[in-house]
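Fold and contact review
Now for the letters of each chain:
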Amino acid sequence: MSQTITAAHSAAIDALHAAYLAALDKGDMVAWAATFSLAPEASYFCISTENDRRGLPLALMYDDCRGRIDDRVSFVTKVWVGTYQPYRTRHFIQRLSCESAGNNRYRVTSGFTIMMSAEGGTTAVLTSGEYRDLIEIQGDHAVFCERRAVYDADVLPRYIVFPF
Amino acid sequence: MNAPMTPFAKPWVANPDGYRVPYEVFTDQAYYDQEQEHIFRGETWSFVGLDAELPNKGDFKSTAIGDTPVIVTRDQTGQLHVFKNLCMHRGALLVRESRGNVKSFDCVYHQWSFDLTGALRGVPMRRGVRGEGGMSPAFDMANFGLDALRVEVMNGLIFASFSKSVEPLADYLGEGIVANIQRIFNRPIRIMGDYRQYIHGNWKLYAENTRDPYHGSLLHLFHSTFGLYRATQKGFTYMDPSNRHCLLKATASAAPTSASEDQEVYKDVRSYNTEFHLQDASVLAGRPEFEDRASLVINAIFPNLLIQQIANCLAVRQSITHAPNAFEIVWTLFGYADDDEEMQMIRMKQSNLVGPAGLISMEDGEAIEIVQDAVIRDGKKTSVLAMGGVHAGSVDHMITEGPIIGFWENYARYLKLGDELKK
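About the criteria used
- Residues numbered from 1 in each chain as written.
- Chains lettered and ligands numbered in written order.
- Predicted model: local features only at pLDDT ≥ 70, side-chain atom pairs only at ≥ 80, totals over all residues.
- Heavy atoms only, no water.
- Contact = heavy atoms within 4.5 Å.
- Buried area = accessible area lost by both parts, 1.4 Å probe.
- Salt bridge = Lys/Arg side-chain N within 4 Å of Asp/Glu carboxyl O.
- Polar contact = N/O pair within 3.5 Å; in protein donor to acceptor, adjacent residues only side chain to side chain.
- Helix = DSSP H or I, 4+ residues; strand = E, 2+ residues; numbered from the N terminus.
- Nonpolar A, V, L, I, M, F, W, Y, C, P; charged D, E, K, R; others polar.
- Expected span 1.5 Å × (residues − 1).
- Buried < 20%, exposed > 50% of the residue type's maximum accessible area, 1.4 Å probe, protein only.
- Core = buried A, V, L, I, M, F, W, Y, C linked by side-chain atoms within 4.5 Å.

**A short note on the interface of chain B and chain A**
Between chain B and chain A, the residue contacts involve 37 residues of the former and 36 residues of the latter. Both faces combined, the contact of chain B with chain A buries some 3200 Å², and carbon together with sulfur accounts for 59% of it. Counting every contact that joins chain B to chain A gives 4 salt bridges. At the surface where chain B touches chain A, the tally comes to 20 residue pairs in polar contact (both at pLDDT 80 or more). Sorting the residues of the side of chain B that touches chain A by element identifies strand E13 (189–199), helix H6 (221–226), strand E19 (326–336), helix H8 (341–350) and helix H9 (362–374) of chain B as the ones contributing at least two each. The leading source of residues in the side of chain B that touches chain A is E13 of chain B, at 8 residues. Its residues placed into classes, the side of chain B that touches chain A shows 18 nonpolar, 10 polar and 9 charged.

Rendered as structure tokens:
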């Protein structure tokens with residue numbers, strides 16, 4: 001861990017992670033989008049370790065601007081309604097590193113695990129992976145400028161509706 | 001051989017009210033085993049990869065035809081080979097990595113070594129140790145090369161066959177399908193990456209799904225909502241003379257649809273919404289790049305390949321079977337080597353359309369699984385394929401299930417179910 005982070009900034013980053021996990025575990029896509037910066041260049045990428053290692057750009061979800069993050073909310077809550085089997089998730093994370101990027105920004109990495117419970121089914125591991133984030137402290141809270149979720153599964157165990 | 005193939009006679013006959021397929025084809029292990037022998041290891045050509053995945057001498061990838069593991073490799077002269085991924089000594093997997101670059105394939109078990117042409121080059125302790133043991137004098141290394149498949153490459157698409165007698169690839173595909181391959185693979189490609197997705201259903205449900213223009217604008221509401229494909233657009237359904245393969249093509253701009261006709265056709269659709277607008281329309285902002293201005297081309301090639309062009313989103317999808325109720329889709333998205341930066345970005349943005357979380361493909365996984373779950377104990381019940389007139393063949397519209405009937409007619413032929421029908 002960088003020596004430069006203050007307790008207040010560290011707490012804000014922890015609160016941001018908690019807000020993100022809580023949003024997805026409730027299936028609340030609006031709250032998910034609210035963890036991202038309102039700046040037009042805010043981005044969310046979900047990419048396989050396989051493509052990441054091969055240096056290939058293809059992402060499972062490629063939301064390279066704020067508008068596309070907001071559109072993902074609409075796809076899940078409007079366009080896809082009724083087409084997928086409901087499933088609930090539990091996300092668990094462990095912060096691995098945090099380094100200052102200047103201007104109240106931090107490069108943060110965390111390991112994640114996502115458990116999935118399909119309606120009427122058992123609970124299983126959906127995938128694990130690593131979040132690679134650029135986080136900005138804005139006043140007393142933090143937002144994601146960029147979140148890159150690099151998932152471990154070479155073969156995803158099912159189709160995917162919600163972001164990782 | 002197990003003998004489950006008796007109950008067919010009635011269900012497989014095309015009645016005037018529909019072609020009927022018994023659901024046991026999706027659940028019964030005996031059908032699955034017959035498919036491996038007569039389709040995937042039979043008189044067919046299976047897609048195994050793109051030559052752009054193996055640019056260098058010594059590159060290899062491991063994949064599967066049906067559920068048989070195979071290695072695709074480029075030897076030191078640049079020639080492509082496909083082998084069973086099976087050591088000729090005691091049957092171990094020779095290659096466990098997905099991809100790599102090697103000088104030889106060395107089995108980890110007893111270190112038998114094969115060169116990139118498949119020839120056996122090394123057997124440790126072949127002449128024994130201190131004069132004791134060793135291989136029999138009758139053992140000839142020349143007889144223990146890797147099991148090689150026939151290989152043909154068409155415009156960078158690598159196909160392989162276990163059959164020595166299957167017709168040449170171009171004849172197997174037919175002129176119309178070859179023309180589409182030449183249309184899409186018209187110059188060197190640049191690979192963008194892979195998606196891999198496990199589906200808890202039978203592989204043939206995906207073969208049906210990809211030959212089914214009827215579901216396109218009904219299951220995938222993104223399509224109809226944003227106009228990439230609506231049933232009111234001009235489209236056609238092409239089948240090759242054997243009816244094994246299918247090419248669905250829709251043209252967004254050929255015949256502008258009227259809002260009132262769309263409203264009538266889709267009046268009962270659950271959430272068709274012409275008022276919905278994107279915050280960022282870049283997912284739909286493409287560049288015309290084919291002379292026919294097709295917005296959607298879905299080309300299913302028997303038995304394991306689909307080639308897609310959806311706007312500027314280009315991909316091949318390979319099916320790998322695991323069990324009667326499980327298969328995998330490997331999607332490889334690509335652009336062209338000469339794409340400018342803007343075009344590369346267009347393709348990246350449109351990649352959200354497809355894959356396991358794709359805006360117009362996520363639901364296919366669900367559609368397959370809900371059929372598999374429902375029919376589990378109703379193997380003698382049948383589906384009904386009647387849309388478009390209960391026959392396979394090319395038509396100048398897309399309101400048809402004819403291509404699915406073509407698939408099943410060929411399936412019955414490969415599994416020799418026709419012999420059962422005649423009894």
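Moving on from the coordinates now.
**Description of helix H4 (residues 66–79) of chain A**
Its 14 residues place the ends of H4 of chain A 19 Å apart at the C-alpha level, agreeing with the 20 Å of an ideal helix rising 1.5 Å per residue. In terms of burial, H4 of chain A is a largely internal element, 11 of the 14 residues being buried. Of all the residues in H4 of chain A, the buried ones are Arg66, Gly67, Arg68, Ile69, Asp71, Arg72, Val73, Ser74, Phe75, Val76 and Val79 of chain A. Among the structural elements, helix H2 (29–33), strand E1 (43–48) and strand E2 (61–63) of chain A together with H6 and H8 of chain B are those in contact with the buried residues of H4 of chain A.

**A few points about the nonpolar core**
Residues Trp32, Tyr44, Leu60 and Phe164 of chain A together with Phe185 and Trp408 of chain B are the most contacted members of the largest nonpolar core, which totals 151 residues. Those residues in contact with Leu60 of chain A, other than ones at most four positions away along the chain, are Cys46, Ile47, Tyr151, Leu156, Ile160 and Phe164 of chain A together with Tyr195, Asn352, Pro356 and Ala357 of chain B. Residues Leu94, Phe114, Leu116 and Phe139 of chain B belong to the second largest nonpolar core, which totals 17 residues.

**Some remarks on the environment of Arg132 of chain A**
Residues and elements named next belong to chain A. Mapped onto the secondary structure, Arg132 falls in strand E5 (residues 123–138). As a C-alpha pair, Arg132 and Ala149 span 17 residues in sequence and 6.4 Å in three-dimensional space. The residues contacting Arg132, other than those within four sequence positions of it, are Asp52, Val108, Thr109, Glu146, Arg147, Arg148 and Val150. Within the structure, Arg132 has its side chain in polar contact with the side chain of Asp52 (distance 3.1 Å).

**Considering unusual backbone geometry**
Residue and element names in this part refer to chain B. Pro303 follows Phe302 through a cis peptide bond whose omega is 0°. Along the chain, Pro303 falls in the loop between strand E16 (296–301) and strand E17 (305–310). At Asn243, a position not held by glycine, the phi torsion is positive, near 65°. Looking at where Asn243 falls in the secondary structure, it is placed in the loop between strand E14 (234–239) and strand E15 (246–251). Here Val390, not a glycine, exhibits a phi torsion of approximately 55°, which is positive. Topologically, Val390 is positioned in the loop between strand E20 (382–385) and helix H10 (402–414). Judged by its relative accessible area of 17%, Val390 falls in the buried class.

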